[in-house]
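So the chains spell out like this:
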Amino acid sequence: MELEAKLEFPNILPDSKQTNHLLIRIKSPQNPTETHRQPLVLGIAIDKSWSMKGEKMESVLEASSALVNWLTRHDWISIIAYSSDVQIIQPLVNVIEKVAITDKVRSIEVATATNLSGGWLSALHAVETSNVENAFKRVILLTDGNPTIGVKDSALLNQIAKDHLARGISTTVIGVGGDFNESILADIAKAGGGNFYFVDNPDSAADIFFEEFGELGALYAQAIELNLDFAPGITVSDVLNDLPFQISESTTQFAGNSSFNSSQTVKVQIGDMRSDDLQSIVMRIEVDSRSFSPKQDLLKANVGFYNLQDSMHFEKTEMKFQTEFGNDPGIQDPDVLVELLIAKAHRSLKAVSLLIQSKNTEEANSILFGVIQELQKSKNHAPSAIGAILSRLEIAQSKIKDKSDFLSKHILAASSDLSRNVQIIDTKGLNLHNRIYEYHTKGDIDLYKCPELRLDVEKKLDEGFRFMIFNLSETAYMDSSAIGTLIQIVGWLRKRGGEFVAINLKDSVRKVFEVTRLYNHIRIAESRDHAQTLLEKLIFASEGTD
């Protein structure tokens with residue numbers, strides 16, 4: 001794990017007070033060498049209240065079955081269904097007999113009320129009491145309404161999430177339909193170190209599970225905490241990212257007189273990271289340069305985490321950051337500017353969602369218009385990243401104009417999606433190009449072949465390739481680990497503005513794609529020429545935007 005710090009304006013003006021922005025970046029390794037990833041222990045709590053009947057429930061159960069098929073024999077799962085009562089559909093079990101598990105999932109039938117806390121706590125308990133060593137633990141809480149029995153108070157629900165996160169179990173929340181309170185569910189996800197999603201179209205439920213767990217083999221670190229000790233004279237006035245944080249202050253009396261000096265410590269809960277990931281944290285700081293000297297460290301930082309690919313070994317990376325004094329602030333750092341704009345856009349979407357809930361559409365539109373204008377002025381600094389943000393904001397703007405159904409839910413979910421998926425990948429030292437590389441797999445792909453496959457692709461990434469054709473003509477069998485590896489490779493390429501196309505699938509492999517719904521997320525072409533043409537069109541469309 002690597003740590004980096006930057007100031008928006010690099011120079012501190014002497015003998016003055018000034019505002020600046022600090023960017024902290026945490027970077028995970030691209031492809032840690034491992035033969036066995038850590039097991040996952042998952043709990044799924046499915047709302048089976050009466051309002052889930054019909055297409056909603058059918059799609060959720062199919063999506064849950066697809067999730068089971070993505071997991072490997074090293075993983076564990078528990079499935080809970082809740083209405084007025086709580087039903088243990090599948091006690092925690094090793095994912096070996098997948099058909100038996102998916103048959104139980106498909107047997108769930110709707111009932112009456114919504115005991116959200118009961119179903120959630122049951123799933124949390126199953127995961128917490130597992131005896132699986134060195135595991136990544138997460139619960140998926142799925143609902144289409146507000147709790148009607150059990151714990152209803154939002155503060156108590158948030159406390160449940162916080163308490164279990166402290167014990168190593170995170171919670172992701174999926175809201176289905178239009179009858180739930182999105183603010184309550186989003187707060188649970190934030191407190192629980194997970195993600196918040198909104199499903200308005202039942203068919204998209206599988207896409208949500210895919211986004212959450214698609215890159216199973218890429219999970220690298222859990223329970224990441226960033227600790228920052230600032231020099232006296234540096235005050236953090238705001239953490240702009242939507243991450244839990246705490247600020248504490250210590251005061252020291254100077255020897256020989258009655259004057260005092262204070263310094264701040266900031267702790268930020270990052271949550272989980274995949275390999276080849278970049279987490280950015282932006283803070284607004286107030287600098288009183290009269291309280292520290294140029295030779296002092298502006299801050300001392302460390303990031304602690306549990307390494308999922310090293311038997312959950314606790315690791316820590318440390319860093320010191322110094323800056324320069326000068327008579328002018330210096331040139332604005334474009335990296336800090338872009339991350340600041342991303343954080344502002346995320347906050348703006350959250351504010352817009354709340355305004356729409358309170359029927360203040362005119363002000364919501366005004367905020368969106370202002371943010372879009374600001375982003376367009378700075379698009380040249382990072383065309384792909386800022387272009388992705390602009391696309392989300394423009395979609396939100398059009399939904400407001402069209403008075404779309406479930407408007408505030410759509411926009412809050414877009415805010416959550418923006419914080420997860422707009423990523424700036426460190427490609428310094430790489431000469432990215434648009435040549436297309438064709439990779440021929442050799443035989444079947446299973447758990448033991450995956451490290452070799454990732455290593456082969458990683459070498460091509462280091463050579464600047466980001467467009468690849470995977471020829472699977474010699475592959476008749478793929479296990480769940482292979483699926484995870486393909487998804488990971490697709491993620492690597494797309495983060496670099498590239499794409500992946502699979503060709504020449506045998507019937508047995510095509511069946512795997514169908515069972516896991518992988519064809520919704522990985523491009524497939526019927527021939528090499530078709531794949532070549534497809535990629536050339538994508539390259540042509542992207543030219544001029546990167």
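Residues numbered from 1 in each chain as written. Predicted model: local features only at pLDDT ≥ 70, side-chain atom pairs only at ≥ 80, totals over all residues. Heavy atoms only, no water.

J.: Got a sec to walk through the pairing of strand S16 (residues 313–321)? Specific residues and values, please.
T.: Two strands pair when backbone bridges link them, and strand S15 (residues 299–307) and S16 are joined in this way by 9 bridges, in the antiparallel orientation. Bridged to Gly304 within S16 is Lys316. Connecting S15 to the antiparallel partner S16 that follows it, the hairpin turn spans 5 residues, and Ser311 within it adopts a positive phi of roughly 55 degrees. (Pairing = 2+ DSSP bridges. Helix = DSSP H or I, 4+ residues; strand = E, 2+ residues; numbered from the N terminus.)

J.: An account of the side chain of Ser65 is requested, with residue identities and associated values reported.
T.: Position of Ser65 relative to the elements: it lies in helix H1 (residues 55–70). Using a relative accessible area of 1% as the deciding quantity, one classes Ser65 as buried. Apart from the residues within four sequence positions on either side, Ser65 is in contact with Thr102, Val105 and Arg106. (Buried < 20%, exposed > 50% of the residue type's maximum accessible area, 1.4 Å probe, protein only. Contact = heavy atoms within 4.5 Å.)

J.: Would you mind going over the sheet that holds strand S8 (residues 169–176) in detail, with residue names and values included?
T.: Spatial ordering of the open sheet is given by S6-S5-S4-S7-S8-S9, a layout of 6 strands whose pairing is mixed. Unpaired on one side and paired on the other, strand S6 (86–94) and strand S9 (193–199) mark the two borders of the sheet. Sheet twist, expressed as the mean angle between neighbouring strand axes with direction ignored, is 10 degrees. Set on the sheet, helix H3 (residues 116–128) makes contact with strand S4 (40–47), strand S5 (76–82), S6, strand S7 (136–143) and S8; between it and S7 the angle comes to about 165 degrees. (Axes fitted to C-alpha atoms, helices over the stretch in contact; angles between N-to-C directions.)

J.: Requested: an account of the pattern of salt bridges, with residues and values cited.
T.: For the structure on display, the rule yields 21 salt bridges. Lys6 is the salt-bridge partner of Asp335, the closest N and O atoms lying 2.5 Å from each other. Of the two residues, Asp335 is situated in helix H7 (residues 334–357) and Lys6 in strand S1 (residues 2–7); the sequence distance between them amounts to 329 residues. The burial state of Asp335 is the same as that of Lys6; both residues are buried. (Salt bridge = Lys/Arg side-chain N within 4 Å of Asp/Glu carboxyl O.)

J.: With reference to specific residues and values, describe the nonpolar core.
T.: Ile77, Ile174, Phe470 and Phe500 are the most contacted members of the largest nonpolar core, which has 64 residues in total. Those residues in contact with Ile174 that lie beyond four places of it in its chain are Ile140, Leu141, Leu142, Thr143, Tyr197, Val199, Ile208 and Phe209. (Core = buried A, V, L, I, M, F, W, Y, C linked by side-chain atoms within 4.5 Å.)

J.: Account for the packing of aromatic side chains, with residues named and values stated.
T.: Given two aromatic rings, one states the distance between the centres and the angle between the planes to describe the pair. Enumeration according to the criterion identifies 7 aromatic pairs in this entry. Arranged with centres 4.8 Å apart and planes meeting at 40 degrees, the rings of Phe470 and Phe500 form a pair that is tilted. Taken together, the residues span a long stretch of sequence, with Phe470 in strand S19 (residues 467–471) and Phe500 in strand S20 (residues 499–503) at a distance of 30 residues. We note that Phe470, like Phe500, is buried. Every member of this aromatic cluster is reached through a ring pair, and the members are Phe180, Phe196 and Phe198. The ring of Phe180 carries Lys409 above its face, with NZ or CZ at 5.0 Å from the centroid. (Phe/Tyr/Trp six-rings, centres within 6.5 Å; stacked < 30°, edge-to-face > 60°. Lys NZ or Arg CZ within 6 Å of the ring centre and 35° of its normal.)

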